[in-house]
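Examining the three-dimensional arrangement
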Amino acid sequence: MDNTMMFSVVTFIYLFSFFFYLLRMISGTEFWGRIGSWSIMTGFVLHTFAFSYRWVESYDLGIGRVPLTNFYESLVFFAWTIVLIYLILEWRTKSRTMGTFITPFAFVAMAFATLSPNIDSRIQPLIPALQSDWLTIHVVTCFIGYAAFTLSCAMGIMYLLRSRAEKKSLAGRGFYSFLPALEVSDELNYQGAVLGFVFLTLGIMTGSIWAYSAWGSYWSWDPKETWSLITWFIYAILLHARFVRGWRGKKLAWLALVGYASVLFTYLGVNYLPGLHSYL
Amino acid sequence: MQNKVNALWQYFSSIKLAIILIAIITVASIIGTLLPQQDAAGEFLRDRSVWFVSLFNFLQLGNLFRSVWFTALLGLFSLNLIVCSWNRFPAAWKLFRRPFQPGREDLFRDSPQAWRHNSQASLPAEVKRIEALMKRKYRRVAVRETGGGTLVHGEKGALSYLGAYIIHGGILVIIAGALAGIFFGFKGYVNIMEGESVQVAQLISGRGVQPLGFTARCDKFIVEFYETGQPKLFRSDMTFTKGDKVLAQGALRVNHPMELEGIRFYQSSYGSIPEAAQLIVYKGDREIARIRVPADGQAVLPGKAGSVKALRMEANLMEMGPAVKVQATLDGQVKDLWIFQYLEEIRKHNPGILAMAPALNPDLALPYRFALEKLEERYYTGLQVNRDPGAPLVGIGALLMLYGLMLTFFYPHRQYLVRLAAENNGTSITLAGKTNKDPVVLKRDIIKLMAAIKS
Ligand code: HEM
């Protein structure tokens, strides 16, 4: 069994975890939640193992590099970080409701990586421009940031669902009764945005250092760079709107969704724009 | 007049303007990534109507990020940031310096039962013990007598009030660094043949040349490939000299630039030009000579058979591989003909092409025939050459920003209060706290403090 097979298995485990978490909210029995937790932890352990295995395999192939340098690997790492952050959160808050909203992101990223025919999953050697430690640090910081923004977005969705349910006086019933109180999702939305913002800042900085040592220019308004800056601006607006102008709740939830759309475009959409190079 | 200035000042110091400006810059940046920029813009403008082209050019949409209006937006943004920070900084400074105000009895009203403790020890002993304990934990500790007893106060993270200003300062330093780079630096490139040297760099977008102040020589250029055909290594062995003195010598690779007198060299491209052709000459079926024809010269065949002069050399002629065009003077007859390295393959896959022109006919000079054994190529290396005196400033700005972010988000101001009062031979101890962020962490800290006090 090679690493890509394991990643495919992980994809399905994450899908099942999502169903278990969802079943918990629909049926109202914590039993399914526990199964969900076990399932996602199993998936995460296998995910981590497959990642390490891929690393080792690259040495066996005589290439020897961290598996963080192409689109396939970045998707796999993205999903890994999302699940890691979720597991920490589940452990800290003792709440499984977020699982229903966060696992789909991890599943979709993994499904995209493992099922899309256009994505090359082979371990390939690095072209000279990618032979840089800064690239590794850059990818790690960016994807921790993206995963935190995923959390922020999921919290925004939960906030909007709950506030709609409250308006229709459904909040106490079935599925909706599991959604956390509005203040809780608002706070976690904000904290996700803060963590994401700090790591995106780090990501942009390390990316600039890499560009400076590879191409001699720390900033060249290339579409990928520009979109990361756009994302950064949107979250800067979010932070100021909340801290200085006191925005809370719905407005902030919508801002988190807009920010996340920008994150996805920075990551995936940029490749379809007219431009010079796309790194991943 | 004064009023107007004031109103303008107020406007420029508002966060509302900041949000609007950032939003406009964001939208402009989005447009900049959707429209083709620079060289691609010319292509995009072909076949567009006249008014579209003039509007496009008037708004400098083909070079949006360096356009006058985008630069002006960034200028307004900086101004906004400066005025806003200038206006608010004194208040933040006061918060940072403010000593703790005693008499905040209200803070203790919300203290839950778990934050209260009764000790057997006497009041003075407990005050002493707790002060020592707090001093170990917190930066600033003060003891005050109040109406209700003795108050021990500890705090940390007051610097977080200044965090946002450090972030904003960092942004301004980055902008200053970028401007310094634009005004006092340059961006250029050089192409150097193996074994040759240059003393000036071409500036990009044809803005002339930039003397280096020293000589850059490429001793050797090396390119290596993986088995998959992807490039593995580009390397130029460089020697930098001034007069007779060697300033530096080393291998320049992608991601490993070299810096000399403030000028940085980056491996960025390479190419080759044919230098000579190695030919085999046959007469009938017999090999009569192996000759080397330089790109700008000729070679003489043995036995007075004639001579061969190079007219053109191509590393890849019309996708048919290496080829040279020669003028062969053989037994008094002059013939111009192409010689292909992969003649057999061409014959197999595309025989028609050899009959398309007399010069392509391999049998043109019968009984003589030629084979191209090898095209000797000479590599040149393409280096990017920059000077950016603003880069260190940008780095400092980035570090400032990171420091400010840490202070703001991960090291908030936290105050811990312990009220001690004498009560039936012992001391009653009550804890309270106050923070400008993250009450959850504060509560956890207070519970920890309580545990330390009890033990
Ligand atoms: C994209 C550029 C900017 C970034 C990244 C940025 C970042 C930040 C951050 C991270 C905070 C702390 C927020 C918090 O504690 O939750 C902050 C606060 C603040 N920002 Fe900005 N900022 C930017 C531009 C501006 C501009 C242009 C203004 C000018 C009006 C401004 C005004 C403020 C103010 C007044 C505060 C609150 C400071 C305080 O009272 O502690 N910011 N900024």
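Thresholds applied
- Per chain, residue numbering runs from 1 following the sequence as it is written.
- Naming scheme: in the order in which they are written, chains are lettered from A and ligands are numbered from 1.
- A pLDDT threshold of at least 70 governs which residues receive local features in this predicted model, and a stricter bar of 80 or more applies before side-chain atom pairs are shown or counted, although totals over entire chains, interfaces and linings include all residues.
- Side-chain numbers come from the whole structure's heavy atoms, not from hydrogens or water.
- Helix numbers and strand numbers start at the N terminus; a helix is a DSSP run of H or I with at least 4 residues, a strand a run of E with at least 2.
- Relative accessibility under 20% of the residue-type maximum defines a buried residue, over 50% an exposed one, and the middle range a partly exposed one, all with a 1.4 Å probe and only protein chains included.
- We call two residues in contact when some of their heavy atoms are within 4.5 Å.
- Computed with a 1.4 Å probe, the accessible areas rest on the Shrake-Rupley method; for each residue, only the protein chains presented here act as cover.
- Positive charges are assigned to Lys and Arg, negative charges to Asp and Glu, while His and the chain termini are left out of the count.
- For charged residues, the charge sits on one atom: NZ in Lys, CZ in Arg, CG in Asp, CD in Glu.
- One heavy atom within 4 Å of a molecule or strand is enough for the residue carrying it to be called near that molecule or strand.
- Polar contacts here mean pairs of N or O atoms no more than 3.5 Å apart (in protein, one a potential hydrogen donor and the other a potential acceptor; neighbouring residues in sequence count only if both atoms are side-chain atoms).
- Polarity classes work like this: nonpolar for Ala, Val, Leu, Ile, Met, Phe, Trp, Tyr, Cys and Pro, charged for Asp, Glu, Lys and Arg, and polar for all others, with Gly in that last group.
- pLDDT is a per-residue confidence score from the predictor, ranging from 0 to 100.
- Here a donor is any nitrogen, oxygen or sulfur atom (N, O, S) within 2.8 Å of the metal, with 3.2 Å used for Na, K and Ca; water is not among the atoms considered, so some sites may look incomplete.
- When four donors show all angles between 85 and 135 degrees the site is tetrahedral, when four or six donors have opposite pairs over 155 degrees and all other angles between 65 and 115 it is square planar or octahedral respectively, and in every other case it is irregular.
- Remark: nonpolar core denotes a set of buried residues (Ala, Val, Leu, Ile, Met, Phe, Trp, Tyr, Cys) joined through side-chain atoms within 4.5 Å.
- Buried area, as used here, totals the accessible surface that two parts lose on assembly, with accessibility defined by a 1.4 Å probe and the loss added over both.
- One speaks of a salt bridge when a side-chain nitrogen belonging to Lys or Arg is within 4 Å of a carboxyl oxygen belonging to Asp or Glu.
- Two strands pair if DSSP finds at least two bridges between them.
- Lines fitted to C-alpha atoms define the axes here, with helix axes fitted over just the stretch in contact, and angles between the N-to-C directions of these axes take values from 0 to 180 degrees.
- What goes into a patch is any residue over 30% in relative accessible area without a salt bridge, connected to like charges within 9 Å or, for nonpolar side chains (Val, Leu, Ile, Met, Phe, Trp, Tyr), within 5 Å.
- Handedness of a crossing is defined here by the sense of rotation of the near helix relative to the far one, left-handed for an anticlockwise turn of less than a right angle and right-handed for a clockwise turn.
- In plain terms, two cysteine sulfur atoms within 2.5 Å form what is called a disulfide here.

Looking only at helices and strands, one finds 11 helices and 18 strands in chain B. The proportion of buried residues among the 455 residues of chain B is 44%. Restricting the contact set of chain B to residue pairs at least 6 apart, pairs at least 24 apart contribute 57%. Entry remark: accessible area of chain B is about 24900 Å², with carbon and sulfur atoms responsible for 57%. Positive and negative side-chain charges in chain B, numbering 54 and 37 respectively, have mean positions lying 13 Å apart.

Moving on: the site of the ligand. If you check the shell around the ligand, you find 23 residues, and the closest are Tyr190(A), His240(A), Cys84(B), His168(B) and Lys437(B). In the environment of the ligand, a nitrogen atom lies 2.7 Å from a nitrogen or oxygen atom belonging to the side chain of His240(A). Between a nitrogen atom of the ligand and a side-chain N or O atom of His168(B), the distance comes to 2.8 Å. For the shell around the ligand, the secondary-structure elements that each account for two or more residues are helix H7 (182-214) and helix H8 (223-243) of chain A together with helix H2 (15-34), helix H5 (68-97), helix H8 (163-184) and helix H10 (391-410) of chain B. Split into classes, the residues belonging to the shell around the ligand amount to 16 nonpolar, 5 polar and 2 charged.

It is worth spelling out the confidence of the model for chain A at this point. Interpretation of the predicted coordinates at a detailed level should be avoided for regions scoring low in pLDDT. Residues of chain A with pLDDT of at least 70 account for 97%, and the chain-wide mean is 90. In this model, residues 276-280 of chain A is a region of pLDDT below 50 whose contacts with residues beyond four sequence positions or in other chains number 12 contacts.

Next up on the list: unusual backbone geometry. Residues and elements named next belong to chain B. Backbone geometry at Asp47 places phi at a positive 65°, although glycine is not the residue there. Relative to the elements of secondary structure, Asp47 occurs in the loop between helix H3 (39-45) and helix H4 (50-58). Unusually for a residue other than glycine, Asn255 sits at a positive phi of about 75°. Structurally, Asn255 is set in the loop between strand S8 (245-253) and strand S9 (258-260). A relative accessible area of 8% places Asn255 in the buried class.

Around the iron atom of the ligand, the protein supplies His240(A) (NE2) and His168(B) (NE2) as donor atoms, at distances of 1.8 to 2.0 Å. Between the 6 donor atoms coordinating the iron atom of the ligand, the angles at the centre fall across 88 to 179°, so the site counts as octahedral. Taken together, the residues His240(A) in helix H8 and His168(B) in helix H8 connect one chain to another. Residue class for His240(A) comes out partly exposed when judged on its relative accessible area of 25%.

A word on the nonpolar core. Of all hydrophobic cores here, the largest spans 106 residues; its most connected members are Tyr14(A), Phe78(A), Met98(A), Phe143(A), Trp232(A), Tyr235(A) and Leu238(A). Leu203(B), Phe214(B), Ala216(B) and Leu260(B) belong to the second-largest nonpolar core, a separate cluster that totals 25 residues.

When the parts of a complex come together, some accessible area is lost, and that lost area is often used as the size of the interface. Taken residue by residue, the interface counts 51 residues in chain B and 45 residues in chain A. Both sides together, the interface formed by chain B and chain A hides about 3800 Å², and carbon and sulfur atoms give 70% of it. Three residues, Thr33(B), Asn255(B) and Phe409(B), lead the burial of chain B against chain A; their summed loss comes to 16% of the area buried on that side. Summed over the shared surface of chain B and chain A, the result is 0 salt bridges. Linking chain B with chain A are 11 residue pairs in polar contact (both at pLDDT 80 or more). Those elements that place two or more of their residues in the side of chain B that touches chain A are H2, H5, H8, strand S7 (231-242), strand S10 (263-283), strand S16 (368-387) and H10 of chain B. Broken down by element, the side of chain B that touches chain A gets its largest block of residues, 11 residues, from H2(B).

All names here are of chain B. Reading across from one edge, S12-S13-S14-S15 is the order of the 4 strands in this open sheet, with antiparallel pairing throughout. A single partner strand is all that each edge strand has here, and the edge strands are strand S12 (298-300) and strand S15 (333-340). Recorded for the sheet is a direction-independent mean angle of 25° between the axes of neighbouring strands.

This part takes up the confidence of the model for chain B. Residue and element names in this part refer to chain B. Of the residues in chain B, 98% reach a pLDDT of 70 or more, and the chain-wide mean stands at 87. Mean pLDDT values over the elements of chain B span from 78, in H3, up to 95, in H10. What the predictor reports for the complex is a pTM of 0.86 with an ipTM of 0.90.

Counted under the stated rule, the structure contains 24 salt bridges over all chains. The salt bridge involving Glu376(B) is made with Arg292(B); its shortest N-O contact spans 2.8 Å. Within this pair, whereas Glu376(B) is found in strand S16, its partner Arg292(B) is found in strand S11 (residues 286-294), the two being separated by 84 residues in sequence. You can call Arg292(B) partly exposed: its relative accessible area is 45%. The shortest N-O distance in the salt bridge between Arg414(B) and Asp445(B) comes to 3.3 Å. Placement of the pair is Arg414(B) in strand S17 (residues 414-423) and Asp445(B) in helix H11 (residues 439-454), with a sequence separation of 31 residues. Because the salt bridges share partners, they merge into one network encompassing Arg24(A), Glu30(A), Glu90(A) and Arg96(A).

Residue and element names in this part refer to chain B. On the surface, Trp51, Leu55, Phe58, Leu59 and Trp69 cluster together to form a nonpolar patch covering roughly 570 Å² of accessible area. At 3 residues, H4 tops the list of elements feeding residues into the nonpolar patch. Among the structural elements, Leu59 can be located in the loop between H4 and H5.

With that settled, consider the pairing of S8(B). Residue and element names in this part refer to chain B. One ladder, built from 8 bridges, connects S7 with S8; its direction is antiparallel. The partner of Asp237 across the bridge, within S8, is Ala251. In textbook terms, the turn of a hairpin is the stretch between consecutive antiparallel strands, and for S7 and S8 this stretch comprises 2 residues, one of which, Gly243, has a positive phi near 60°.

It is worth spelling out the packing of helix H1 (residues 3-27) of chain A against helix H3 (residues 71-93) of chain A at this point. Residue and element names in this part refer to chain A. Orientation of H1 relative to H3, taken along the N-to-C sense of each, is 40°, at an axis distance of 12 Å. For the pair H1 and H3, the crossing hand works out as left-handed. Each of Thr4, Phe7, Tyr14 and Tyr21 in H1 lies in contact with H3, whose residues at this interface are Tyr72, Val76, Val83, Tyr86 and Glu90. Taken together, the residues of the contact of H1 with H3 break down into 7 nonpolar, 1 polar and 1 charged.

Residue and element names in this part refer to chain B. In this structure, S10 lies alongside S11, joined through 8 bridges in antiparallel fashion. Opposite Lys283, over in S11, you have Arg286 as the bridge partner. Counted between consecutive antiparallel strands, the loop separating S10 from S11 contains 2 residues, among which Gly284 sits at a positive phi close to 65°.

Let us look at the sheet that holds strand S1 (residues 116-119) of chain B. Residues and elements named next belong to chain B. The strand order S1-S18-S17-S3-S2 describes an open sheet built from 5 strands, whose pairing is antiparallel. Unpaired on one side and paired on the other, S1 and strand S2 (140-146) mark the two borders of the sheet. On average, each strand axis in the sheet is inclined to that of its neighbour by 20°, with strand direction left out of account. Note that S2 and strand S3 (residues 149-156) share 7 bridges and pair antiparallel. When the bridges of S3 are listed, Arg144 appears paired with Leu151. Along the sheet, helix H7 (residues 123-137) makes contact with S1, S2, S3, S17 and strand S18 (426-435), crossing S17 at roughly 165°. Taken strand by strand, H11 contacts S1, S3, S17 and S18, and its axis lies near 160° from that of S18.

All chains considered together, the criterion is met by 0 disulfides over all chains. A disulfide-free cysteine, Cys142(A) has its sulfur positioned 18 Å from the sulfur of Cys153(A), the nearest such atom.

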